[in-house]
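# Fold and contact review
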Amino acid sequence: MKISIERGTLLKAVGQAQSVVERRNTIPILANVLIEAEGDSVSFRATDLDIEVVDRAPAMVERAGATTVSAVMLHEIVRKLPDGALIVLSEDAASGRLTVAAGRSTFSLATLPREDFPVMASSEYSSNFAAPAPVLRRLFDKAKFAISTEETRYYLNGVYMHVSTGEDGPVLRCVATDGHRLARIDAPLPEGAQGMPGVIVPRKTVNELRKLLDDDSATIAVSVSETKVRFATPAISLTSKVIDGTFPDYTRVIPTGNTRRLEVDASEFAKAVDRVATVSSERSRAVKLSLDEDRLVLSVNAPDSGAAEEELAVAYGDERLEIGFNAKYLLEIASQVDRENAVFLFNSSADPTLMREGNDTSAIYVVMPMRV
Amino acid sequence: MPSLCRACLTLTETGTARCPACRSPRIVSHPELADLSIAHMDCDAFYASVEKRDNPELRDRAVIVGGGTRGVVSTCCYIARISGVRSAMPMFQALKLCPQAVVVKPRMAAYAETSRAIRAMMEDLTPAIEPLSLDEAFMDLTGTARLHGAPPAVMLARLLRRMETELGISGSVGLSHNKFLAKIASDLDKPRGFSVIGRAETEAFLETRPVRIIWGVGTAMQAALERAGIRTIADLRRWDRGDLMARFGQMGGRLYDLARGEDRRRVNRDEKVKSISKETTFDADISDADLLDGHLWRLAEQVADRAKAKGLAGRTVVLKLKRGDFSGISRRHALPGATQTADRIYREAAALLMPERGRAPFRLIGVGIADLCPAREADREGDLLDPDAGRRAKAEAATDAIRARFGRDAIIKGRALR
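Described below are features of the structure shown in this document. Because the structure is predicted, anything quoted here is derived from the model rather than measured.

Reading the values: rules and limits
- Residues numbered from 1 in each chain as written.
- Chains lettered and ligands numbered in written order.
- Predicted model: local features only at pLDDT ≥ 70, side-chain atom pairs only at ≥ 80, totals over all residues.
- Heavy atoms only, no water.
- Helix = DSSP H or I, 4+ residues; strand = E, 2+ residues; numbered from the N terminus.
- Buried < 20%, exposed > 50% of the residue type's maximum accessible area, 1.4 Å probe, protein only.
- Pairing = 2+ DSSP bridges.
- Axes fitted to C-alpha atoms, helices over the stretch in contact; angles between N-to-C directions.
- Core = buried A, V, L, I, M, F, W, Y, C linked by side-chain atoms within 4.5 Å.
- Contact = heavy atoms within 4.5 Å.
- Disulfide = S-S within 2.5 Å.
- Parallel < 35°, antiparallel > 145°, perpendicular 65-115°, else oblique.
- Left-handed = near helix turned anticlockwise from the far one by under 90°.
- Nonpolar A, V, L, I, M, F, W, Y, C, P; charged D, E, K, R; others polar.
- Buried area = accessible area lost by both parts, 1.4 Å probe.
- Salt bridge = Lys/Arg side-chain N within 4 Å of Asp/Glu carboxyl O.
- Polar contact = N/O pair within 3.5 Å; in protein donor to acceptor, adjacent residues only side chain to side chain.

As a further point, take the overall build of chain A. In terms of regular secondary structure, chain A is built from 6 helices and 26 strands. For chain A, with 372 residues in total, the buried portion stands at 54%.

As structure tokens, then:
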């Protein structure tokens, strides 16, 4: 194998691949990226056995072939080479090394045979549809923060993507929760997604997927089966196993009878929460919200370290209410609001609270209160 | 050289073989006797001594305190030790060595009560007491000589005498200039010992000792040191601090100081509790899921009781298992919020046990909480996906209230009967 490729192109392709590679690896080949050159393009394939990413880039292929080298090392080398350099990758079959040459720099890297590289079994996708990048970006970005990291509830360690019915008809819905907060984000159902099986997309896949979604004009081809999900652009395809488990029935968690309505400027609210939480010495910083006629007082009372209070002008017309929350959770949901005011719907100080942006029900958040 | 008679507490300036006042041979002489003030007191075969005191028939017999035929030796008296019995030895092995021994089940309540009485006597000497367990403690008597009108050595000898006459329990004292050496000293002359390690002899004293005597050097650390060619404290002294730290991290720095008899740790009055745990060793190895579950629940309940009594809660739940071949398994899970309820502790421990079931049978199971915080930070957040959790917590609070009034057995969960 011998190819020439522009440094920027190579850096992007290898960068995407190497981020999938697990840093702590017990199987040596999994630290490597599989480079395959054919025709006028080269592909870089990396996997952690759960996720596989294949990145294709145009290159001048002098001699077709394939080999594997350390993904992290190749990425580091390419990163350190000067911008605009032309890089030549050539495999020496005799020595079993891959030479990376650019200008006056030459590197010789150990390789492992391509035959040893695990290729994810292709699967039959029962559902295929296309979605604009910004739509998927919104679905996953707004849900991501609520993904649980608790391994004991492994079925919560991802975003539940499924078909459901919203206020205006069928929707593609993403839900994530860790038992303390929940995010439910809807988008109009793309053509061809009807009948898609619901899948739990693992956290790592969600993070990798994000890199495919930066380009506003891109269209993402989504394929779903019971066990796998695939997101692809012409250049990159990301295939991932889905979490083998049942996502809990989240619908009964979402309160429907909360009537006490608070409307507040989300960014002012977030800043105030952040300020008062400073004095809390506890790991889970509890903030108390005291609501009265158009008035919200945020307060923290930490016996060991001090107290803080801040008043905000808000729209609230119901009876007095005092309710506590983990400051971190409030900050996270408030930061999801980007256009209108945040609307909180409370019931009692012990019941889950609902938050949405204005009257938009396509993105709602539920947060559990905390005893203060 | 200052000498102290441990029988009549007479302090003299000239070292003699017998006390000039009472003719007792129990004399302790040391040039720095009147100047040292950090002490470590360790009761002699504490549990066994309490048993012998409470049941005089046992006085001249070998006594082993421990649980069941499957348990291990908690403590054994000095008669049993002659046969080679040691604490932490499996019971069957102990009984093979000393078949005539009387095995007594531990009566923790009695030991705790005696321990409290000893603690009260120590409080008369100094407020700076750091208990290590029921039967040993560090004491810092620095600056108490004026108050007591006697140097620390005299007060310590008096303490031992009071323990013997008032409580019927003997102990050994180590007196030195820091905790590390005091702890070593108390072990030099057991039982009924009184040993002194002065500043002047510190280096020479440590020189030939094996590294094992350093507190915190266990089997694993000892093996690691051995690989580096370090067997004695003298070997250790040949290394410089940087090399030790490069090889053993933080512990390396401590080893460097301790090898020189330097230990700046203070005697901490109540060392903070770092974890609460309970464990049980089975009479026969268990694989049955229901039986394990029952044990898990009872242990979780005991841990929760202790946490509630101390006003503490844990942010981490720990599960400990020991298999038939003695290999240990330890699993821990950090919770998103602290808890002190038996319900939460049990559920988390059960989740930790689930993937380990295949490794049964087990001979021991333990449950604990760690990463402790005040109870007011506990169980403040409900779980969206477990709406019944709040009701179970209320039920547990009600159960606690009923038990406080009518006793532990007034109300129990069916699960506890497994």
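From this point, the narrative continues.
Quick look at unusual backbone geometry now. Across residues other than glycine, the phi torsion is negative in most instances, and most of the peptide bonds are trans. All names here are of chain B. Of the consecutive residues K190 and P191, the connecting peptide bond is found in the cis state with omega at -10°. Its location among the elements puts P191 in the loop between α7 (179–186) and β11 (194–196). The omega torsion across A360 and P361 is 5°, close enough to zero to call that bond cis. Assignment of secondary structure puts P361 in the loop between α14 (342–353) and β15 (362–374). One non-glycine residue, R23, adopts positive backbone phi at about 65°.

All names here are of chain B. Spatially, β6-β5-β7 is the arrangement adopted by the 3 strands of the open sheet, whose pairing is mixed. Edge strands, defined here as strands with exactly one partner in the open sheet, are β6 (73–76) and β7 (102–104). Across this sheet, the average inter-strand angle for adjacent strands is 30°, counted without regard to direction. Note: strand β5 (residues 63–66) against β6, 3 bridges, orientation antiparallel.

What follows covers the nonpolar core. Counting residues in hydrophobic clusters, the biggest one holds 103 residues, and the most contacted among them are F140, M161, F231 and F269 of chain A. If sequence neighbours within four positions are ignored, F269 of chain A has contacts with V264, L289, L296, L298, L312, L330, A334 and F344 of chain A. Residues V63, A101, V104 and L175 of chain B belong to the second largest nonpolar core, which totals 55 residues.

Let us look at the state of the cysteines. Within the structure shown, the criterion is met by 0 disulfides over all chains. Residue C5 of chain B stays outside any disulfide, its sulfur separated by 3.6 Å from that of C8 of chain B, the closest cysteine.

Turning to the pairing of strand β9 (residues 105–112) of chain A, a few remarks are in order. Where strand β6 (residues 65–70) of chain A and β9 of chain A come together, 2 bridges link them in antiparallel fashion. Within β9 of chain A, the residue paired with V69 of chain A across the bridge is T111 of chain A.

Moving on: the packing of helix α1 (residues 7–18) of chain A against helix α2 (residues 71–80) of chain A. Residues and elements named next belong to chain A. It is at 9 Å that the axes of α1 and α2 come closest, and there the two elements cross at 150°. With respect to their mutual orientation, α1 and α2 come out roughly antiparallel. Remark: the crossing between α1 and α2 carries left-handed chirality. Across the interface between the two elements, R7, L10, L11, V14, G15 and Q18 of α1 pack against A71, V72, L74, H75, V78 and R79 of α2. Of the residues that constitute the contact of α1 with α2, the class distribution is 7 nonpolar, 3 polar and 2 charged.

So, on to the interface of chain B and chain A. With 17 residues of chain B in contact, the opposing surface of chain A contributes 26 residues. Across the chain B/chain A interface, buried area totals approximately 2,000 Å², and carbon plus sulfur atoms make up 50% of it. Of all residues in chain B, R380, L384 and L385 of chain B give up the largest surface area on contact with chain A, accounting jointly for 41% of the area buried on that side. On the surface where chain B and chain A come into contact, there are 1 salt bridge. The residue R153 of chain A makes a salt bridge to D383 of chain B at a minimum N-O spacing of 2.9 Å. Joining chain B to chain A, the criterion identifies 6 residue pairs in polar contact (both at pLDDT 80 or more). Breaking the side of chain B that touches chain A down by element, the ones donating at least two residues are β14 (328–339) and α14 of chain B. Across the side of chain B that touches chain A, the residue classes tally to 6 nonpolar, 2 polar and 9 charged.

So, on to the environment of D274 of chain A. On the secondary structure map, D274 of chain A appears in helix α5 (residues 266–277). Counting along the chain gives 56 residues from D274 of chain A to L330 of chain A, while the straight-line C-alpha distance between them is 9.2 Å.

Bear in mind that shape data such as this cannot, by itself, settle questions of function.
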